[in-house]
Amino acid sequence: MATSSPANSLPSDFEWGFATAAYQIEGAFDEGGRGKSIWDTFCHLEPTRTKGANGDIACDHYHRYEEDFDLLSKYGAKAYRFSISWTRIIPMGGRDDEINEEGVAFYNRLIDALLARGITPWVTLYHWDLPQALHDRYGGWLNVEQSQRDFERYAKVCYERFGDRVKNWITLNEPWIVSIFGYSTGGNAPGRSSINPQSTEGNSATEPWTVGKALIMSHARAVALYNKEFRAAQNGRIGISLNGDYYEPWDMEDERDHEAAERRMEFHIGWFANPVCLAQDYPKCMREQLGDRLPEFTETEFGLLREAEIDFYGMNYYTSQFARHRDGPASETDCLGNVEEFQENKHGLSVGEPSGVHWLRSTPNLFRKHLTRVYRKYGKPIYITENGCPCPGEDKMTVEEAVNDVYRIRYFEDHINAVALARNEDGSDITGYFAWSLMDNLEWSDGYGVRFGVTFTDYNTLERTPKQSALLLKGMFDKYMVPTN
Ligand code: PNW
């Protein structure tokens, strides 16, 4: 492991902590005046599409946040990233709908409880829980014009009510997952798809691209509003959290696989980063493949994108893959750039060590490449807003076994080391890191089996038990911290 030296260090003001999302931990689904979101509906569909799990109770964080924040203090966290549930603030969601003061009061208590412990709040406005009422009213994210106006008003209420104390805002979490899992494959709420046998409605050839545009314009309105009306007085920062793996060519010798890897990353990241970071059109390879199924931006919309300058790029990073080109034209429902994805390359070499969930292998070297590629392409300071894993076999472990999370400890060590290398060796500007997640929680369509937490959650008793990684993370960062001049 690396030791502290100026060449391999993090600044002493490097911000780090843990992340969560409202629907995954809060529970209290029918308390405090909360309205229903598309995830409430999705988790209660029959037959189940979430392994029988729902967020009705989840970790009961709504009632136990003081205890959870004591854990944050115990772990030495400087910052905490959480999301606000839109339907606690505006139960029906729309710009003319009523504000729920009880919901505002809940998040005020949360923010104040963090500040009282000296922990900096980082707030995500949207972590997938669209008000069901907006989905019913006009199709939710399928309606580009309506949804952006309702999101803008929701954002405004949050800045007004919380912006005196919240100085770090993330508009959207992972618009790629929202669009593709929600409207192409149908594995996430609202579960629309024309290629998923469990879905009864949807059009995978068109809907994800419409939804993507709605999310981009919603983000842009929320940021432009902050910049115009709140930034001067509140003096905060605002950005967006994008997911996306790094891709290596499946066959290093094949130029077409090199292109496939780059194209795959453009479909993952450039789709959102081009308009959001650069106020530019979607990547050329997307236009070429998708034709007029990819919505255009008008000049007015480009104007809005230019007004929506962000302060940072929030990166959610878990794993990387290999990409292989496909011969022939892309199918109408392809959303990956006409490539095949693999966890092994042509020679059977694994991209990294398997974790406790099929899609994630530990790939710290490619994390460094990813950080550097994103920094060079989009030029924004990077905050890692999510990084973490479940240990192999953890889903079947007792609490006594699970707290000994050796795989996760190594995963964190290796990924933090990659951050230091990307900063010091490659010159990438990376200023913060959030481990996913503070505690085991509802892993969306995977239910409660997949455990990403640094704290073990017993879903019968709701008792929390720190895993070893939770207690070691501070030491991992301290090792890199050198006084800045
Ligand atoms: C993120 N994939 O989602 C979300 O932001 C979290 O809410 C979630 O709990 C966490 O990662 C762990 O999964 C992802 O299949 C879900 O590549 C799936 C993927 C990536 C990110």
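Calculation notes
- Residues numbered from 1 in each chain as written.
- Predicted model: local features only at pLDDT ≥ 70, side-chain atom pairs only at ≥ 80, totals over all residues.
- Heavy atoms only, no water.
- Helix = DSSP H or I, 4+ residues; strand = E, 2+ residues; numbered from the N terminus.
- Rg over C-alpha atoms; globule rule 2.2 N^0.38 Å.
- Buried < 20%, exposed > 50% of the residue type's maximum accessible area, 1.4 Å probe, protein only.
- Contact = heavy atoms within 4.5 Å.
- Areas by Shrake-Rupley, 256 points an atom, 1.4 Å probe, with all protein chains shown as cover.
- Lys, Arg positive; Asp, Glu negative; His and termini not counted.
- Charge placed at Lys NZ, Arg CZ, Asp CG, Glu CD.
- pLDDT = per-residue confidence, 0-100.
- Core = buried A, V, L, I, M, F, W, Y, C linked by side-chain atoms within 4.5 Å.
- Near = heavy atom within 4 Å.
- Polar contact = N/O pair within 3.5 Å; in protein donor to acceptor, adjacent residues only side chain to side chain.
- 1 Å grid on protein atoms, 1.4 Å probe; cavity = no way out; pocket = protein on both sides within 12 Å on 5 of 7 lines; lining within 4 Å.
- Sits in = over half its atoms within 2 Å of the grid points.
- Nonpolar A, V, L, I, M, F, W, Y, C, P; charged D, E, K, R; others polar.
- Axes fitted to C-alpha atoms, helices over the stretch in contact; angles between N-to-C directions.
- Parallel < 35°, antiparallel > 145°, perpendicular 65-115°, else oblique.
- Left-handed = near helix turned anticlockwise from the far one by under 90°.
- Pairing = 2+ DSSP bridges.
- Points joined across faces, edges and corners; volume = space filled by probe spheres on them.
- Expected span 1.5 Å × (residues − 1).
- Bend = angle between axes of the 7 residues up to and from the residue.
- Salt bridge = Lys/Arg side-chain N within 4 Å of Asp/Glu carboxyl O.

A. Structural detail: the overall build of the protein chain. A tally of regular secondary structure across the protein chain gives 16 helices and 17 strands. Since a compact globule built from 485 residues should have a radius of gyration of about 23 Å, the 21 Å found for the protein chain is in line with a globular shape. Looking at the protein chain residue by residue over its 485 residues, the buried ones come to 63%. Counting only contacts in the protein chain whose residues sit at least 6 apart along the sequence, the fraction spanning at least 24 positions is 76%. Surface summary for the protein chain: the accessible area is close to 17700 Å², and the carbon and sulfur share equals 49%. A gap of 2 Å separates the mean positions of the 51 positive and 73 negative side-chain charges of the protein chain.

B. Highlighting the confidence of the model for the protein chain. In the predicted model, the protein chain carries a mean pLDDT of 97, and the fraction of residues at 70 or more is 98%. Here residues 1–5 is a poorly scored stretch, pLDDT under 50, and it has twelve contacts once near neighbours within four places are set aside; other chains count.

C. The nonpolar core, seen in detail. Judged by nonpolar contacts, the single largest core of 156 residues is most densely connected at Phe-18, Trp-141, Tyr-159, Phe-162, Trp-169 and Tyr-313. Not counting residues within four places of it along the chain, the set of residues in contact with Tyr-313 comprises Ile-240, Leu-242, Ile-269, Ala-273, Cys-277, Val-374, Tyr-378, Lys-380, Pro-381, Ile-382 and Tyr-383.

D. Structural context of the site of the ligand. Among the 15 residues in the neighbourhood of the ligand, the closest are listed as Gln-24, His-127, Glu-386, Glu-443 and Trp-444. Here an oxygen atom of the ligand and a side-chain polar atom of Gln-24 are 2.8 Å apart. Contact with the protein chains hides 90% of the accessible area of the ligand, taken as 450 Å² for the molecule alone. In a pocket analysis with a 2 Å cut-off to the grid points, the ligand is assigned to the largest pocket. Along the lines of polarity and charge, the residues of the shell around the ligand split into eight nonpolar, four polar and three charged.

E. Here's a closer look at the packing of helix H7 (residues 144–162) against helix H9 (residues 207–234). Axis separation between H7 and H9 bottoms out at 8 Å; the angle between their running directions is 30°. On the basis of the axis angle, H7 is roughly parallel to H9. As for how H7 packs across H9, the hand of that crossing is right-handed. Classifying every residue of the contact of H7 with H9 by side-chain character gives eleven nonpolar, six polar and seven charged.

F. Summary view of the sheet that holds strand E5 (residues 168–173). Read around the barrel, eight strands follow the order E2-E3-E4-E5-E6-E8-E13-E14 and close on themselves; strand pairing throughout is parallel. Taking the axes of each pair of neighbouring strands and ignoring which way they run, one obtains an average angle of 25° across the sheet. Pairing analysis gives four bridges linking strand E8 (residues 312–316) to strand E13 (residues 382–386), with the strands arranged parallel. Bridge pairing links Gly-314 to Tyr-383 in E13. Lying over the sheet, H7 contacts strand E4 (120–126), E5 and strand E6 (237–242), oriented at roughly 160° with respect to E4.

G. Spatial organisation of the layout of surface pockets. Each pocket or cavity is described by its volume, and for the largest pocket that value is around 990 Å³. Elements with a contribution of two residues or more to the lining of the largest pocket: helix H8 (175–183) and helix H10 (255–278). When residues of the lining of the largest pocket are assigned to their parent elements, the largest contribution, four residues, is made by H8. Here the second largest pocket is characterised by a volume of approximately 310 Å³. The wall of the second largest pocket is formed by 16 residues, among which Leu-45, Arg-49, Pro-190, Gly-191 and Thr-200 lie closest to the centre. Looking at the lining of the second largest pocket, the elements with two or more residues in it are helix H2 (38–43) and helix H6 (132–138). A per-element tally of the lining of the second largest pocket places H2 first, with three residues. Its residues placed into classes, the lining of the second largest pocket shows five nonpolar, seven polar and four charged.

H. How the structure looks around H10. Compared with an ideal rise of 1.5 Å per residue, which puts 24 residues at 34 Å, H10 spans 28 Å between its outermost C-alpha atoms and falls more than 12% short. The sharpest bend along H10 comes to roughly 55°, located at Ile-269. Judged by how many residues are buried, H10 sits mostly within the fold: 17 of 24 residues are covered. Immediately downstream of H10, the backbone of Ala-279 shows phi near 50°, a positive value.

I. Local environment of the pattern of salt bridges. All chains considered together, the criterion is met by 43 salt bridges. As a salt-bridge pair, Arg-117 and Asp-70 come within 2.8 Å of each other at their nearest N and O atoms. With Arg-117 in the loop between helix H5 (101–116) and E4 and Asp-70 in helix H3 (residues 61–75), this residue pair connects regions lying 47 residues apart in the sequence. Each of Glu-394, Asp-405, Arg-408, Asp-440, Arg-451 and Lys-467 takes part in a single network of salt bridges with overlapping partners.

J. Inspection of unusual backbone geometry at higher detail. The step from Ala-189 to Pro-190 runs through a cis peptide bond, and the omega angle for that step is 0°. Topologically, Pro-190 is positioned in the loop between H8 and H9. Cis geometry marks the peptide bond from Trp-436 to Ser-437; its omega dihedral reads 10°. Mapped onto the elements of the fold, Ser-437 is located in the loop between strand E14 (430–436) and strand E15 (455–457). Positive phi outside glycine occurs at Ala-58, with the angle close to 50°.

K. Quick look at the sheet that holds strand E7 (residues 246–249). Strand order across the open sheet formed by three strands is E7-E9-E10, with mixed pairing between neighbours. Two strands in the sheet have a free side with no partner beyond their single neighbour: E7 and strand E10 (339–342). Looking at each pair of strands side by side, their axes are set apart by 40° on average, direction ignored. Pairing geometry for E7 and strand E9 (residues 320–325), over four bridges, is parallel. When the sheet's bridge partners are listed, Glu-248 is paired in E9 with Phe-322. Across the sheet, H10 is in contact with E7, E9 and E10; its angle to E7 comes to roughly 165°. Strand contacts of helix H13 (residues 364–378): E7 and E9, with the helix running at about 110° to E7, the strand carrying the most contacts.

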